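Notes for the structure review
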Amino acid sequence: RLLYQPDRGLVVPSVPPDPTREDVRTAIALVDEAIGEFPYVDQASHANAWGLLLTPILRPAISSCVPLCLLDKPKAGTGGSLLTQVVGLIVTGQSPEMRPAPKDDDEWRKQITSWLRTAPSLVVIDNVTRELGSEHLDRVLTAHVWGDRLLQTSDDLRLPQRATWIATGNNITVAKDMARRCYMCRMDARTAQPWTRGGFMHDPLEEWVAERRGNLLAALLTIARAWFAAGCPAPPAMRIANYQEWYRTVGGVLAHAGIPEFLANLREHWQQSDREEAEWEGFLRAWRAALGDAQVRAGEIT
């Protein structure tokens, strides 16, 4: 029940029904011209950028939910917003709308309803400056259908939730329940003024991507098609509640293409996000060091 109505003038080269390894290597090389020069801190972040780009392309083949991608960096101008622009240009042919993070739970609910009424392919929460988390954001990231009441009416809305979600910011922190609903793509240019860097393969990158959108789409579809043609082999075992089908599909495509370490930084991200657990662990380690296995009264603890 999908309608394919491409932009006027968009030409997507044919995708081979059974791509060869050379077809896949050529496709990877082209896409990496678009996303390969960002200053990822490790291979996992680079692979996660690939996962972000593939997610909206493969979304019709994923019936379950997809997590939010955190594009995190230490300083403004490192490239988080530019990578978001590149993803938007390839997926939709347009720069995505950059939305600020709402300030409270009620505002989150209203904004999410407003965003989903337009059936977006991408939802971008830009320049997150406070802890990212809301019971409504938690809910929408694990929902197939978003329900809410239309403002100033008694009419109930039921909106399909098929978007790919992105948040950008500097040293983003997330609420505890939010951590398991997102994955991290971290960048660091290791310079005081990252926006002054130059010497890139394509500059301005947005123009190059816009001119080659059809070729980039064909490359991504070739990489995906190779996985389907091979019988959809499973990626390395990993358990991700609510997002297992997404991981099996996107992770399977990347593993089959030879792009390693997708989500390899996930456990580190969870540990860093769960500050309460880390504080308890530190407290209990100090207790063990000071008191060992001895039973003590509360009044004896100083």
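Bear in mind the structure is a predicted one, so any value in this text is a computation, not a measurement.

A word on empty space enclosed by the protein
- Taken as a whole and judged by the stated rule, the model has one cavity of 30 Å³ or more.
- In this structure, the largest cavity occupies an estimated 50 Å³ of space.
- The wall of the largest cavity is formed by Pro67, Arg180, Arg181, Cys182, Tyr183, Ile240, Trp246, Leu263, Leu266 and Trp270.
- Elements represented by at least two residues in the lining of the largest cavity include exactly strand S7 (182–186) and helix H10 (266–273).
- Here the lining of the largest cavity is built from residues that sort into eight nonpolar, no polar and two charged.

Details of the nonpolar core
- In this structure, Trp50, Leu68, Leu132, Trp165 and Trp246 are the most contacted members of the largest nonpolar core, which totals 83 residues.
- Discounting residues that sit within four places of it in the chain, tryptophan 246 has contacts with Thr55, Ile62, Ser64, Cys65, Val66, Pro67, Tyr183, Gly251, Phe262 and Leu263.

Digging into the pattern of salt bridges
- For the structure shown, the criterion picks out 10 salt bridges.
- Here aspartate 72 ties to arginine 186 by a salt bridge, and the two come within 2.6 Å at their closest N and O atoms. Of this pair, aspartate 72 sits in strand S1 (residues 68–73) while arginine 186 sits in strand S7; the two residues are 114 residues apart in sequence, bridging distant segments of the chain. Side by side, aspartate 72 and arginine 186 carry an identical accessibility label, which is buried.
- The structure contains a network of salt bridges with shared partners spanning Asp106, Arg109, Lys110 and Asp148.

Details of the packing of aromatic side chains
- For the structure shown, the criterion picks out eight aromatic pairs.
- Arranged with centres 6.4 Å apart and planes meeting at 85 degrees, the rings of tryptophan 108 and tryptophan 115 form a pair that is edge-to-face.
- Given a relative accessible area of 3%, tryptophan 108 falls into the buried group.
- Judged by relative accessible area, tryptophan 115 falls into the buried class, the value being 5%.
- Aromatic side chains tyrosine 247 and phenylalanine 262 sit 6.2 Å apart centroid to centroid with 10 degrees between the ring planes, which places their arrangement in the stacked category. Of this pair, tyrosine 247 sits in helix H9 (residues 244–257) while phenylalanine 262 sits in the loop between H9 and H10; the two residues are 15 residues apart in sequence, bridging distant segments of the chain. Comparing tyrosine 247 with phenylalanine 262, the two get one shared label, buried.
- Joined through ring pairs, the aromatic side chains of Tyr183, Trp246, Tyr247 and Phe262 make up one cluster.

Focus: the pairing of strand S3 (residues 122–128)
- The buried fraction of S3 amounts to six of the seven residues, a majority that puts the element mostly inside the structure.
- Strand direction decides the pairing type here: strand S2 (residues 98–99) and S3, joined by two bridges, are parallel. Looking at the pairing, methionine 98 lines up with valine 124 of S3.
- Since S2 and S3 lie parallel, the crossover through helix H4 (residues 105–116) that links them has a hand, and here it is right-handed.
- The pairing of S3 with strand S6 (residues 164–170) spans five bridges and is classified as parallel. Within the sheet, the bridge partner assigned to valine 128 lies in S6 and is glycine 169.

A few points about the layout of surface pockets
- Put simply, the largest pocket is a space of about 1200 Å³.
- Counting only elements with at least two residues in the lining of the largest pocket, the list comes to helix H2 (43–58), helix H3 (80–92) and helix H8 (213–229).
- Ranked by the residues each element gives to the lining of the largest pocket, the list is headed by H8, at three residues.
- Classifying every residue of the lining of the largest pocket gives 19 nonpolar, seven polar and seven charged.
- Here the second largest pocket is characterised by a volume of approximately 330 Å³.
- Lining the second largest pocket we find 18 residues, and of these Phe38, Leu82, Arg197, Phe200 and Leu205 sit closest to its centre.
- Of all the secondary structure elements, the ones that give two or more residues to the lining of the second largest pocket are helix H1 (21–35) and helix H7 (205–211).
- Grouping the constituent residues of the lining of the second largest pocket by class yields nine nonpolar, four polar and five charged.

Criteria and cut-off values
- Residues numbered from 1 in each chain as written.
- Predicted model: local features only at pLDDT ≥ 70, side-chain atom pairs only at ≥ 80, totals over all residues.
- Heavy atoms only, no water.
- 1 Å grid on protein atoms, 1.4 Å probe; cavity = no way out; pocket = protein on both sides within 12 Å on 5 of 7 lines; lining within 4 Å.
- Points joined across faces, edges and corners; volume = space filled by probe spheres on them.
- Helix = DSSP H or I, 4+ residues; strand = E, 2+ residues; numbered from the N terminus.
- Nonpolar A, V, L, I, M, F, W, Y, C, P; charged D, E, K, R; others polar.
- Core = buried A, V, L, I, M, F, W, Y, C linked by side-chain atoms within 4.5 Å.
- Buried < 20%, exposed > 50% of the residue type's maximum accessible area, 1.4 Å probe, protein only.
- Contact = heavy atoms within 4.5 Å.
- Salt bridge = Lys/Arg side-chain N within 4 Å of Asp/Glu carboxyl O.
- Phe/Tyr/Trp six-rings, centres within 6.5 Å; stacked < 30°, edge-to-face > 60°.
- Pairing = 2+ DSSP bridges.
- Right-handed = clockwise from strand over helix to strand, strands pointing away.

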